[in-house]
Amino acid sequence: MNKAAWLLKSVTLLAFMLHLLPAQAAPAAEIPLAVFAAHPDFTEVRLSPTGDYVAAILRKDERSQLVVLRTATLEASLRLQLQVNQHVDDIWWASPRRLVISGALQTDGWSAPRRTGELFAVDADGKNQIYLSGERDGQIDHAFGWMIDPIADDDHNVLMLLERYGARDRGEAMSAHKLNIDTGSRVRVATAPIKGQATFAADASGRVLNVGVLDALGQHHLYARQDEQAAWVELSMPPNTRVGIERILPDGSVLYAETSTREPIKSCIVRRAAGTSQGGELLGCSHGKPTVLYSFDRREPIALRLYDSDRPRLMHLDSEHPDHLLLQALERDLASDAVLYLVYTSDGSKAIIKVISDRDPGRYYLFDRAKNQVRYLFSQRDEIDPAVMSPRQILKLPAAAQSDAAFLTLPASGANKPPLVVKLRGVYGASAGWTWDADSQALASRGYAVLDIDNYDGAARRTSAQVVQPDPAIGLAAALIENLKWLRTQDQIDGDRICIHGDSYGAYIALTAAVQEPALFRCIVSEAGIVDIDAWRKDTYLSETAYGRSLIGLYMSGIGSAMSSPLSAIGKLEAPLLLIHGRLDSIVPYGQAKQLMKVLDRESVSYEKYIESNEAHGFYLQAHRTKRYEQLLAFFDRHIGRRSAGT
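Residues numbered from 1 in each chain as written. Predicted model: local features only at pLDDT ≥ 70, side-chain atom pairs only at ≥ 80, totals over all residues. Heavy atoms only, no water.

Some thoughts on the overall build of the protein
Inclusion rule: Secondary structure elements are defined from DSSP: runs of H or I of at least 4 residues count as helices, runs of E of at least 2 residues count as strands, and each element is numbered from the N terminus. Only protein chains enter the accessibility calculation, which uses a 1.4 Å probe; a residue whose area is less than 20% of its type maximum is buried, one above 50% is exposed, and one in between is partly exposed. Contacts between residues were defined by any pair of non-hydrogen atoms, one from each residue, lying within 4.5 Å.
A count of helices and strands for the protein gives 11 helices and 36 strands. Residues classed as buried in the protein amount to 57% of the 647 residues present. Within the protein, contacts between residues separated by at least 24 positions form 55% of all contacts whose residues are at least 6 apart in sequence.

Take a look at the structure:
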């Protein structure tokens with residue numbers, strides 16, 4: 001990492017843009033692929049409650065380091081280097097000088113670190129380390145722990161979620177505990193009324209008064225109570241709406257996050273009295289889930305970040321609030337063409353500001369309200385210069401639901417009608433979005449346009465778990481083909497040079513589209529791809545737990561059959577095919593790739609493959625991620641790039 005990123009850069013807010021102009025950089029095409037493949041320099045950046053420290057995670061392939069910096073000097077008060085294959089997963093400030101961290105581990109079958117459910121506590125200077133929850137050398141318990149919230153004005157206790165190993169399969173509900181971060185002792189303060197994946201919400205004093213539960217059938221439930229001695233009461237949800245708790249405000253009112261489950265899909269933030277699920281004040285809605293921005297004292301919502309345009313935008317809620325003008329000034333001077341996120345100190349005197357955009361992976365600043373001063377801290381990826389990245393524009397596709405969106409990244413070189421790579425993402429929470437994307441930027445730096453489809457699997461997400469539906473992949477592929485034929489007429493890309501690249505369930509859609517319209521695509525990439533839904537349901541590790549089965553029921557009900565699988569028509573393929581898979585993949589097991597190769601061999605369809613023995617679902621090691629880019633670009637170059645015939 002470039003050590004210059006640690007240098008302190010301090011300017012006043014009003015003069016900010018004049019003093020921090022982007023430096024000259026080499027052309028984007030000269031950026032090594034290893035830069036795009038690298039892990040971020042900093043993740044999970046957290047400001048202490050008094051603003052004296054900033055904590056962050058530095059993660060490399062096989063090691064993590066917890067770094068705590070003094071904000072006054074940016075000198076490190078702590079560099080906690082973990083052992084090989086052990087990682088910091090997340091961090092929280094539990095008091096002005098004490099942190100709670102969660103652990104992750106690289107184990108057999110997972111090249112990427114996997115959250116272990118272990119919790120630790122440590123002081124900002126590295127002293128008083130204590131093991132809080134998990135299973136290591138027989139310590140503590142056989143359970144998965146996770147932080148819910150620190151408790152205001154309590155430097156010794158936090159709220160944690162606890163789940164015994166295998167509890168959901170035994171019919172046990174999840175519970176919330178008050179955990180002492182000095183001694184490790186804990187007291188249970190709430191138990192979910194039903195079993196399932198539980199999300200607890202507490203008020204400012206640490207009382208757990210709400211819980212949402214995703215049950216084994218994929219159904220959401222919401223419960224409330226008046227105090228910690230009262231019984232849970234299930235709240236009736238508005239029809240065709242999924243409701244969750246955004247936050248319990250200091251005045252006792254509750255912000256609810258509500259998402260419709262029918263077209264048009266939209267997500268809203270509603271403020272209601274405690275214990276009610278109807279009526280209230282509608283603060284705002286957007287197609288993507290809105291993000292709430294609070295006043296600097298964290299007592300009132302003053303703005304929403306909405307996702308209805310080509311990039312997120314701020315909608316201010318209360319023009320009379322004294323922080324309204326300050327938020328506008330920060331947005332104007334730091335994020336005129338970007339998006340800002342803020343994390344405040346407990347007294348609202350300081351804030352960490354993160355600025356991201358389609359060309360910027362993220363920059364961090366410290367804002368001092370009393371001095372009206374902004375100081376640059378560091379970049380999330382120091383070797384990425386936003387000035388040479390490619391902009392990401394939204395496309396309104398003709399054959400798409402109202403909530404669907406697609407993002408087109410064109411080469412920064414301005415090449416006329418470049419070849420196109422269509423990127424389809426997997427089903428579990430995948431979203432393209434208006435953010436910096438390593439794959440899109442790496443391909444654009446080499447002269448390719450990239451079309452990222454967001455929510456293309458929306459129909460699959462909204463299928464009822466109780467109603468068997470026809471395989472939506474056929475209709476989704478047909479809509480994709482219609483959209484690509486429309487895009488060919490828009491004079492932005494070379495419509496005769498299109499490749500399609502699908503990940504996970506996205507590969508299932510990509511293969512389905514390629515057998516429906518073989519002549520449309522010059523090449524196909526199936527990465528960690530599902531090809532047989534029935535076999536995948538049996539083999540994926542998700543089927544081994546009640547929670548995993550509920551996810552499959554929620555997101556994948558009615559998808560796939562032997563009749564509709566693209567395997568049944570694989571002989572129709574005309575374009576060359578590249579398979580990428582990790583042998584350790586337990587989400588989409590390597591057996592799916594073997595099944596595809598067996599059919600390809602039987603039908604005498606030629607293909608290439610890149611199989612990594614020590615990788616799982618999504619390559620993790622930087623050397624393998626770099627090689628993945630090399631394999632992809634060599635494949636695209638041969639079929640739609642400079643080395644392709646007739647180009």
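So, the sheet that holds strand β7 (residues 98-105)
As a general point, the strands of a sheet are linked pairwise by backbone hydrogen bonds and lie either parallel or antiparallel. Rules: Strands qualify as paired when DSSP identifies two bridges or more between them. Axis definition: a line fitted to C-alpha atoms, over the contacting stretch in the case of helices. Angles run 0 to 180 degrees between N-to-C directions.
The four strands lie next to each other as β6-β7-β8-β9, forming an open sheet whose pairing is antiparallel. Sheet topology places β6 (86-95) and β9 (130-133) at the edges, where each strand pairs with a single neighbour. Averaged over all neighbouring strand pairs, the angle between strand axes comes to 30°, with direction disregarded. Looking at chain direction, β7 and strand β8 (residues 114-123) are connected through seven bridges and run antiparallel. Within β8, the position partnered with I101 by the bridge is F120.

Some points on empty space enclosed by the protein
For clarity, the threshold we go by: Grid points spaced at 1 Å over the protein atoms alone were grouped into cavities, where a 1.4 Å probe fits but cannot get out, and pockets, open sets with protein on both sides within 12 Å along at least five of seven lines, with lining residues defined by an atom within 4 Å of a point. Grid points are joined across faces, edges and corners, and a volume is the space filled by probe spheres set on the points. Just so you know the grouping, Ala, Val, Leu, Ile, Met, Phe, Trp, Tyr, Cys and Pro go in nonpolar, Asp, Glu, Lys and Arg go in charged, and all remaining residues, Gly too, go in polar.
Within the structure shown, the criterion is met by two cavities of 30 Å³ or more. Here the largest cavity is characterised by a volume of approximately 50 Å³. As for the largest cavity, its lining consists of R305, R311, P312, R313, L314, E331, A335, A338, V339 and L340. For the lining of the largest cavity, the secondary structure elements donating two or more residues are β24 (313-316) and β25 (339-344). Its residues assigned to classes, the lining of the largest cavity shows six nonpolar, no polar and four charged.

As for the packing of aromatic side chains
Note the following rule: Pairing of aromatic rings covers Phe, Tyr and Trp, the last through its six-membered ring, and needs centres within 6.5 Å; plane angles under 30 degrees mean stacked, over 60 mean edge-to-face, and all others mean tilted.
Going through the model one piece at a time under the given rule, you end up with 12 aromatic pairs. Measuring from ring centre to ring centre gives 5.0 Å for W92 and W146, while their planes differ by 85°; the resulting arrangement is edge-to-face. With a gap of 54 residues between them, W92 in strand β6 and W146 in strand β10 (residues 143-150) connect regions that are remote in the sequence. Geometrically, the ring pair formed by Y505 and Y508 is stacked, given 5.6 Å between the ring centres and 20° between the ring planes.

A look at the state of the cysteines
Defined as follows: Any two cysteine sulfur atoms within 2.5 Å of one another count as a disulfide.
Summed over all chains, the structure comprises two disulfides. The disulfide partner of C268 is C285, and the S-S distance across this bridge is 2.0 Å. Between C268 and C285, the disulfide has an S-S torsion of 105° and is therefore right-handed. Remark: C285 occurs in strand β21 (residues 281-286) and C268 occurs in strand β20 (residues 267-272); sequence separation between them is 17 residues. Between C499 and C523 runs a disulfide, and the two sulfur atoms are separated by 1.7 Å. Where C499 bonds to C523 through sulfur, the torsion about that S-S bond is close to 115°, and the disulfide is right-handed. Linking C499 in strand β33 (residues 498-503) with C523 in strand β34 (residues 523-527), this pair joins segments that are 24 residues apart in sequence. In terms of burial, C499 and C523 fall into one category: buried. Each bonded cysteine in the protein gets a number by its place in the sequence, and the pairs come out as 1-2, 3-4.

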